[in-house]
Amino acid sequence: MIRVWCAGRSACEPPVDPAVWVMPPDAVWIDLIRPTREEEAAVEKALDLSVPTREEMAELEASSRIYRENGATYATADIVTHGDEEIPGIQPVTFVVTAGPLVTVRYVDPKPFAMMVDKLSREPNLCDTGPELFLNLMETIIDRVSDILSGTVVRVEGIASHVFSGGKTVGFEKLITKLGRAQMTNARIEQSLAGLTRIFAFVGIDERMATEEARAHLRSLARDAESLSAHNHSVAASINFQLSAALGLINIEQSSIIKIFSVAAVAFLPPTLIASIYGMNFHFMPELSQPWGYPLAVAAMVVSALLPLAWFKKKGWL
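First, a word on scope: everything that follows refers to the structure included in this document. Because the structure is a prediction, the values reported are computed rather than measured.

Parameters at a glance
Residues numbered from 1 in each chain as written. Predicted model: local features only at pLDDT ≥ 70, side-chain atom pairs only at ≥ 80, totals over all residues. Heavy atoms only, no water. 1 Å grid on protein atoms, 1.4 Å probe; cavity = no way out; pocket = protein on both sides within 12 Å on 5 of 7 lines; lining within 4 Å. Points joined across faces, edges and corners; volume = space filled by probe spheres on them. Helix = DSSP H or I, 4+ residues; strand = E, 2+ residues; numbered from the N terminus. Nonpolar A, V, L, I, M, F, W, Y, C, P; charged D, E, K, R; others polar. Salt bridge = Lys/Arg side-chain N within 4 Å of Asp/Glu carboxyl O. Buried < 20%, exposed > 50% of the residue type's maximum accessible area, 1.4 Å probe, protein only. Pairing = 2+ DSSP bridges. Axes fitted to C-alpha atoms, helices over the stretch in contact; angles between N-to-C directions. Contact = heavy atoms within 4.5 Å. Phe/Tyr/Trp six-rings, centres within 6.5 Å; stacked < 30°, edge-to-face > 60°.

1. Looking at empty space enclosed by the protein
Part 1 of the argument: This structure, assessed with the given rule, holds one cavity of 30 Å³ or more.
Part 2 of the argument: Taken together, Ile79, Val80, Pro112, Ile141, Arg144, Val145 and Ile148 form the lining of the largest cavity.
Part 3 of the argument: For the lining of the largest cavity, the elements supplying multiple residues, two or more each, are strand S4 (72–81) and helix H5 (130–163).
Part 4 of the argument: At four residues, H5 tops the list of elements feeding residues into the lining of the largest cavity.
Part 5 of the argument: Residues of the lining of the largest cavity, tallied by class, amount to six nonpolar, no polar and one charged.

Quick look at the structure:
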């Protein structure tokens, strides 16, 4: 689908057949959403540039993601999608900064694009050129990343209150699973921010960003991305610490259980030995014919069980 926004208008142009599509002269944003080959060809003909395919957008080499071609600047960023879910997704989106409109190519519908459309609907004069729209769209993406990171922080702090509540480790399996999901979110945020930081540095040398206002906007975006990345690193450290703490508490509790069984085994070993000796029923065992034999055996078993327990208590092992 080709969605076109024109300067000063609060709604996008109605969709038309790509075979007869003509780019409006005042277009500031051409948004290609899951484009067909015919739609790509129509945009390529109108702007005299190539539109990257989905396979090209997925390539990880820096030279395939950030480059200049035919006077246009191509930048592909990994944008976090479904940020409200416990495990968000991440998909590439290509931005083409031209002398005319901004061209975006995407096969997903990240929330920042809907937020940008809402801004344009409320403020039709927000962006008069493609570069201005690029900067505002990047600002919206950074704001959305900040919101996702804030949600991750809230979840991680909630997990921490359970891990360090001082109770038993029952249910820690679910907490560890939640920490794993938070770590996945954290990694995807970092991946997105790293790509955006590279884009800001590369686009900064574009002649269309030569105005002082545009350069100041780019510097502000770069600082925001670096600040969020540093915050994201601290969240990652907190997740790793909580994961280590949860596993450590589980190990401590398991060790305490094993210790109880070990102490019980040692404490019952002497009584078992005595019971085994007097359970042999040899005819010439002198205690068998004595009236005090049975009480003596029972007393010996009790004393032999209490002595190890007293010794463990003295050593502080109980």
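2. Describing the environment of Asp147
Part 1 of the argument: Of note, Asp147 is situated in helix H5.
Part 2 of the argument: The spacing of Asp147 and Asp84 is 63 residues in sequence and 9.2 Å in space, taken between C-alpha atoms.

3. Overview of the layout of surface pockets
Part 1 of the argument: Here the largest pocket defines a volume of roughly 210 Å³.
Part 2 of the argument: Every residue lining the largest pocket is listed: Thr129, Pro131, Glu132, Leu135, Asn136, Arg208, Met209, Thr211, Glu213, Ala214 and His217.
Part 3 of the argument: At the level of elements, H5 and helix H7 (212–278) are the ones that each hand at least two residues to the lining of the largest pocket.
Part 4 of the argument: Here the lining of the largest pocket is composed, by residue class, of four nonpolar, four polar and three charged.

4. Focus: the pattern of salt bridges
Part 1 of the argument: All told, the structure shown has ten salt bridges when counted by the stated rule.
Part 2 of the argument: The partner of Arg122 in a salt bridge is Asp118, with the nearest N and O atoms 3.0 Å apart. Linking Arg122 with Asp118, this pair stays in helix H4 (residues 111–122), spanning four residues, or about one helical turn.
Part 3 of the argument: Judged by relative accessible area, Arg122 falls into the exposed class, the value being 53%.
Part 4 of the argument: Residues joined in a network through salt bridges with shared partners are Arg3, Asp31, Arg106 and Asp109.

5. A closer look at unusual backbone geometry
Part 1 of the argument: Unusually for a residue other than glycine, Asp48 sits at a positive phi of about 55 degrees.
Part 2 of the argument: Examined against the element boundaries, Asp48 turns out to sit in the loop between helix H1 (37–47) and helix H2 (54–57).
Part 3 of the argument: When its relative accessible area of 61% is taken as the criterion, Asp48 is described as exposed.
Part 4 of the argument: With a phi angle near 50 degrees, His82 is a residue other than glycine that sits in the positive phi range.
Part 5 of the argument: Tracing the sequence through the fold places His82 in the loop between S4 and strand S5 (89–97).

6. What about the sheet that holds strand S1 (residues 2–6)?
Part 1 of the argument: As summarised here, the arrangement of the six strands in space is S1-S2-S6-S5-S4-S3, forming an open sheet in which the pairing is mixed. What marks the edges here is a single partner per strand, and that holds for S1 and strand S3 (66–69). The sheet shows a mean angle of 20 degrees between the axes of neighbouring strands, direction not considered.
Part 2 of the argument: As judged from the four bridges shared by S3 and S4, these two strands associate in the antiparallel manner. Bridge assignment links Tyr67 to a residue of S4, and that residue is Tyr74.
Part 3 of the argument: Strands in contact with H5 are strand S2 (27–33), S4, S5 and strand S6 (102–106); relative to S5, the strand with the most contacts, it is inclined by about 165 degrees.
Part 4 of the argument: Against the sheet, helix H6 (residues 172–203) engages S3, S4 and S5, with an angle of about 160 degrees to S4.

7. Concerning the packing of aromatic side chains
Part 1 of the argument: Following the criterion strictly, the structure yields four aromatic pairs and no others.
Part 2 of the argument: Look at Trp29 and Phe113: their rings are 6.1 Å apart centre to centre, the planes differ by 35 degrees, and that puts the pair in the tilted class. Linking Trp29 in strand S2 with Phe113 in helix H4, this pair joins segments that are 84 residues apart in sequence. For the pair Trp29 and Phe113, a shared accessibility class is recorded, and that class is buried.
Part 3 of the argument: Here Phe95 and Phe134 contribute two aromatic rings whose centre-to-centre distance is 6.0 Å and whose plane-to-plane angle is 80 degrees, an arrangement assigned as edge-to-face. Taken together, the residues span a long stretch of sequence, with Phe95 in strand S5 and Phe134 in helix H5 at a distance of 39 residues. Each of the two residues, Phe95 as well as Phe134, counts as buried.
Part 4 of the argument: Following the ring pairs from residue to residue traces out a cluster consisting of Trp29, Phe95, Phe113 and Phe134.

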